Amino acid sequence: MIIELKDLKKTFKIYKKEEGLLNSLKSLIKRDVVFVEAVKGINLKIEKGERVGFLGPNGAGKSTTIKMMCGILHPTSGDINILGFNPLKNRKKYVKNIGVIFGQKSQLWFDIPAVDSFYLHREIYGIEEDIFEERLEFLTNLLSVKEIIKRPVRNLSLGERMKCEFIASLLHNPPVLFLDEPTIGVDAISKDEIRNFLHEVNKKFNTTFILTTHDMDDIEEVCNRVVIIDKGTIIYDGSLKKLKSKYVKHTNIKIDYSKVKNKKKFESLLKKADIIVDGKSYKELKLSKDLDINKILKDIMSSVDVVDLSIQEPRLESVIKEIYKEVK
Amino acid sequence: MKTYLRLLSLKISSRLSYKLDFFTTLISSLLWSLASPLFIILLYQSGASYPDWNFNEILLFIGIYTALFGLGRAFFYNFFFNTGADVRTGYLELTLIKPVDELVLLLGKSFDWESLSEVLAGSLIAIYAFIQLSLSPNIFLFLVYIGLALLFYFSMILLISSLIMKYVQVTRLIEIVERFMDIASHPKNVYPRVVQTGFSIFIPLFIISYYPASALIGFELVYPFTIILTTLIFFMLSLYIWRKSIKNYTGAGG
Ligand SMILES: Nc1ncnc2c1ncn2[C@@H]1O[C@H](COP(=O)(O)OP(=O)(O)OP(=O)(O)O)[C@@H](O)[C@H]1O
Ligand SMILES: [Mg+2]
């Protein structure tokens, strides 16, 4: 186990700010305080090489949890142990072992080419020259950005810049990579490239990922474990498959048919389902998970002449929506 | 240290990508700083003077003050603004995930080349006056004072930067602090005793002008070690407050 969080809590103290000079002066002396419990006791264990996706509605406490794991924020209470470190006790040593990407903030210098930022990175992390060159080569090839890293960052598109951010955060080969909304604002193709890239990196170096995102495809394609956080607590922790089987209660079937062979059988079949679309030779059915889908499919085949038939599991997106609605 | 130097060179190269801007600011601020002793020249021409200071001595004083302030600005001034901006935008978070002391990174990012023109102007004035005076100075003490003066400037910046971390929108603070430090733009002995003692012992403000100038001119200094000690303590105190603020840093939402 390389990450362990024990009853982690963070409460923010917010000072209410008032308008006007006089009030600002007053607020220097006495300020109204509001407490925001952003994280309310999180317990989590993560093994090496796991790809964990943090999900949760806005303001759930995902970023706050990640920032505490990175050693940026000091927890109000609780314990963090990552790779044997307490991130706060020995911050400078600890952060050598992690990579961090905040989708909203760039760690590259804007006016110079990304590759110059990479060399600065080498200095900061004390990476040996040949190891550095080799990794840079590997990462730039994987993302096909050989030329792009030589252009000033301010001239790059968001997707191109994001790829450079990924390189910067992986140059020192950290065993753990934190990604807070890494694909925000990135187009579909670049997203695919980034996801493939993450797969490759995970395969080759067994890097552990912790990723937050609002894009369910990120989760479906990158993660093998999902942690859902709501109002500062974990409400689900497990594999993606289990999440679906737990929350998915229906299967949708679309049937396009030409002729009804066995009317009685077909009608009794329809009675078991919710009919969503009821066309003349087209039906869309919503079937409870409790039913034996294989048997139903057989019955359909034998009762009508099927032209086209498709089965649809609900997408993760709608599953998550259901969960968010439930907890609200 | 290597990291700091690398940051500086990156800083120039990113600044040089706006070449014209870089050089025009440099030249205009050089001219501006060279004009600073004009007031003193006029003052002494009209027959007035600072008590106990002759014209060349006061010129030396002003040269040193200008150069030191320039150095302070070059190294530390932007530190305050960068910290303020980084706190507001949450970019300080990125600084905290680097395996280097945050002060090194913030300082490296903050170097302001344009202020070197003040240093140049101040040095020219000081050197001119120094040659006119033909002194036999205590160079070692002078250098110690210069180091301490910079340390003091940095301490002030650390203090107000700590404040800005807590009260995010008070960027005017630096103006207040600079006006306050202007007190040091006149020799110590023009002020009442209380001020003299207060700004030597509690807040070692006079380290930034009076002490280094005196070391050169050879004024007898009462308790040179007091100011050395005070400046060091003052610095340690501000460093402590800064570290504490970093610890309490709450980041920006997201
Ligand atoms: N620096 C801060 N100061 C005060 N409150 C904060 C701060 N950062 C976050 N919060 C509050 O803590 C709660 C959790 O915020 P957090 O950023 O962790 O949410 P999140 O799960 O990352 O949401 P999102 O999906 O919108 O990014 C929110 O209510 C937020 O307002
Ligand atoms: Mg967030």
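Preceding this paragraph is the structure being described.
Here's what I pulled together on the structure shown here. Per chain, residues are indexed from 1 in the order of the written sequence. To label them, take the chains in the order written and letter them from A, then take the ligands in the order written and number them from 1. The model is predicted, so local features are restricted to residues of pLDDT at least 70 and side-chain atom pairs to those at 80 or more, both for listing and for counting; the totals for chains, interfaces and linings are taken over all residues. Hydrogens are left out, water is left out, and the side-chain values use all remaining heavy atoms of the structure.

**Description of the overall build of chain A**
And step 1. The number of helices and strands found in chain A is twelve helices and 13 strands.
And step 2. As defined in this context, the radius of gyration uses C-alpha atoms, and a globule is described by 2.2 Å times the residue total to the power 0.38. By the compact-globule yardstick of 20 Å for 328 residues, chain A is too spread out, its C-alpha radius of gyration being 25 Å.
And step 3. Summarising its shape, the C-alpha atoms of chain A cover approximately 75 × 55 × 45 Å along the three principal directions.
And step 4. Buried residues are those whose accessible area, probed at 1.4 Å on protein chains only, stays under 20% of the maximum for their type, while exposed residues exceed 50% and partly exposed ones sit between those limits. Going through the 328 residues of chain A one by one, you find that 49% of them count as buried.
And step 5. Whether two residues touch is decided by their heavy atoms; if any such pair falls within 4.5 Å, the residues are in contact. Considering only residue pairs separated by 6 or more positions, chain A has 73% of its internal contacts joining residues 24 or more positions apart.
And step 6. Accessible area for chain A stands at about 16,200 Å²; split by element, carbon and sulfur atoms hold 50% of it. By the criteria applied, helices consist of DSSP H or I runs no shorter than four residues and strands consist of E runs no shorter than two, each listed in order from the N terminus. For every accessible area listed, the method is Shrake-Rupley and the probe measures 1.4 Å; residues are considered covered only by the protein chains on display.

**Some thoughts on the packing of helix α5 (residues 129–143) of chain A against helix α6 (residues 158–170) of chain A**
Residues and elements named next belong to chain A.
And step 1. Between N-to-C directions, angles cover 0 to 180 degrees, with each direction set by a line fitted to C-alpha atoms, over the stretch in contact for helices. It is at 10 Å that the axes of α5 and α6 come closest, and there the two elements cross at 150°. Taken together, α5 and α6 sit at an angle that is classed as roughly antiparallel. In this structure, the crossing between α5 and α6 has a hand that is right-handed. Of the residues in α6, those in contact with Arg135, Leu136, Leu139, Thr140 and Leu143 of α5 are Lys163, Phe166, Ile167 and Leu170.
And step 2. Under the scheme applied here, ten amino acids are nonpolar (Ala, Val, Leu, Ile, Met, Phe, Trp, Tyr, Cys and Pro), four are charged (Asp, Glu, Lys and Arg), and all others, including Gly, are polar. Looking at the contact of α5 with α6 residue by residue, the classes come out as six nonpolar, one polar and two charged. An angle counts as roughly parallel when it lies under 35 degrees, as roughly antiparallel when it exceeds 145, as roughly perpendicular when it falls between 65 and 115, and as oblique in every other case. Put simply, a crossing is left-handed when the front helix is turned counterclockwise from the back one by less than a right angle, and right-handed when it is turned clockwise.

**A closer look at the interface of chain A and chain B**
For an interface, size is often stated in terms of accessible area lost upon the parts coming together.
And step 1. Listed per partner, the contact involves 34 residues of chain A and 35 residues of chain B.
And step 2. Salt bridge, as used here, is a side-chain nitrogen of Lys or Arg placed within 4 Å of a carboxyl oxygen of Asp or Glu. In this structure, the connection of chain A to chain B is made through four salt bridges.
And step 3. Put simply, Glu93(B) and Lys105(A) hold a salt bridge, and the shortest N to O gap is 2.7 Å.
And step 4. Counted as a polar contact is a pair of N or O atoms within 3.5 Å, where, for protein atoms, one must be capable of donating a hydrogen and the other of accepting one, and residues adjacent in sequence contribute only when both atoms are in side chains. On inspection of chain A and its partner chain B, the count reaches seven residue pairs in polar contact (both at pLDDT 80 or more).
And step 5. Elements with a minimum of two residues in the side of chain A that touches chain B: β1 (3–15), α1 (21–29), α2 (62–70), α3 (91–94), β5 (98–102) and α4 (114–125) of chain A.
And step 6. Among the elements that line the side of chain A that touches chain B, the one with the most residues is α4(A), at six residues.
And step 7. Here the side of chain A that touches chain B is built from residues that sort into 15 nonpolar, six polar and 13 charged.

**Considerations on the packing of aromatic side chains**
Describing an aromatic ring pair means giving the distance of the ring centres and the angle of the ring planes.
Residues and elements named next belong to chain B.
And step 1. Between 30 and 60 degrees the pair is tilted, below 30 it is stacked and above 60 it is edge-to-face, where a pair is any two Phe, Tyr or Trp rings, Trp via its six-membered ring, whose centres lie within 6.5 Å. This model, assessed by the stated rule, comprises 25 aromatic pairs over all chains.
And step 2. Summarising the aromatic geometry, the rings of Phe79 and Phe154 are spaced 5.8 Å apart at their centres and angled 85° between planes, so their arrangement reads as edge-to-face. You can see Phe79 sitting in helix α4 (residues 55–89) and its partner Phe154 sitting in helix α8 (residues 139–166), a full 75 residues away along the chain.
And step 3. When the centroid spacing of 5.3 Å and the interplanar angle of 75° are considered together, the rings of Phe80 and Phe81 count as edge-to-face.
And step 4. Residue Phe81 is classed as partly exposed on the basis of its relative accessible area of 31%.

**Describing the sheet that holds strand β13 (residues 304–312) of chain A**
Residue and element names in this part refer to chain A.
And step 1. For two strands to pair, DSSP has to find at least two bridges joining them. Ordered in space as β11-β12-β10-β13, the four strands form an open sheet in which the pairing is antiparallel. Each end of this open sheet is capped by a strand with a single partner; those strands are β11 (274–278) and β13. Neighbour-to-neighbour, the strand axes of the sheet open up by a mean angle of 25°, direction not taken into account.
And step 2. Alignment of strand β10 (residues 250–260) against β13, held across eight bridges, turns out to be antiparallel. Of the residues in β13, the one forming a bridge with Val260 is Val304.

**Side note on unusual backbone geometry**
And step 1. Look at Asn173(A): it is not a glycine, yet its phi comes out positive at around 50°.
And step 2. Relative to the helices and strands, Asn173(A) is located in the loop between α6 and β6 (176–180).

**What about the site of ligand 1?**
And step 1. Whether a residue is near a molecule or strand is decided by its heavy atoms; if any one of them lies within 4 Å of it, the residue is near. Taken together, 18 residues sit near ligand 1, with Gly59(A), Lys62(A), Ser63(A), Thr64(A) and His214(A) positioned nearest.
And step 2. More than one chain lines the surroundings of ligand 1; the residues nearby belong to chains A and B.
And step 3. In this structure, an oxygen atom belonging to ligand 1 sits 2.8 Å away from a main-chain N or O atom of Gly59(A).
And step 4. The fraction of the free accessible surface of ligand 1 (630 Å²) that becomes covered by protein chains is 79%.
And step 5. When contributions to the shell around ligand 1 are tallied by element, the ones reaching two or more residues are β1, β2 (33–46) and α2 of chain A.
And step 6. If one sorts the elements of the shell around ligand 1 by residue count, α2(A) sits on top with three residues.

**Overview of a nonpolar patch on the surface**
All names here are of chain A.
And step 1. Surface patches are defined over residues having more than 30% relative accessible area and no salt bridge, joining like charges when they lie within 9 Å and nonpolar side chains (Val, Leu, Ile, Met, Phe, Trp, Tyr) when within 5 Å. Together, Ile14, Val34 and Val36 make up an exposed nonpolar region whose accessible area comes to about 190 Å².
And step 2. By the secondary structure assignment, Val34 is in strand β2.
And step 3. Given a relative accessible area of 33%, Val34 falls into the partly exposed group.

**Here we look at the pairing of β5(A)**
Residues and elements named next belong to chain A.
And step 1. Among the five residues that make up β5, five are buried, leaving the element largely enclosed by the rest of the structure.
And step 2. Residue alternation in β5 divides its side chains into two sets, Ile98, Val100 and Phe102 and Gly99 and Ile101, and both sets are buried.
And step 3. Note that β5 and β6 share five bridges and pair parallel. Following the sheet pairing, Ile101 is matched in β6 by Leu179.

**Considerations on the sheet that holds strand β4 (residues 77–82) of chain A**
Residues and elements named next belong to chain A.
And step 1. Taken in spatial order, the three strands of this open sheet run β2-β1-β4, and their pairing is antiparallel. In the strand order of this sheet, the two ends are held by β2 and β4, each with one partner. The sheet shows a mean angle of 30° between the axes of neighbouring strands, direction not considered.
And step 2. For β1 and β2, the ladder comprises eleven bridges, and the chain directions are antiparallel.

**Here's the deal with the environment of Thr64(A)**
All names here are of chain A.
And step 1. Among the secondary structure elements, Thr64 is positioned in helix α2.
And step 2. Thr64 sits in the buried class, given a relative accessible area of 12%.
And step 3. For the pair Thr64 and Val52, spaced twelve residues apart in sequence, the C-alpha to C-alpha distance is 16 Å.
And step 4. Setting aside residues up to four positions removed in sequence, Thr64 forms contacts with Lys10, Phe12, Ala38, Val39 and Leu73.

**Comments concerning the side chain of Lys191(A)**
All names here are of chain A.
And step 1. Positionally, Lys191 belongs in helix α7 (residues 188–205).
And step 2. A relative accessible area of 17% places Lys191 in the buried class.
And step 3. Contact partners of Lys191, with chain neighbours within four places excluded, come to Thr183, Val186 and Asp215.

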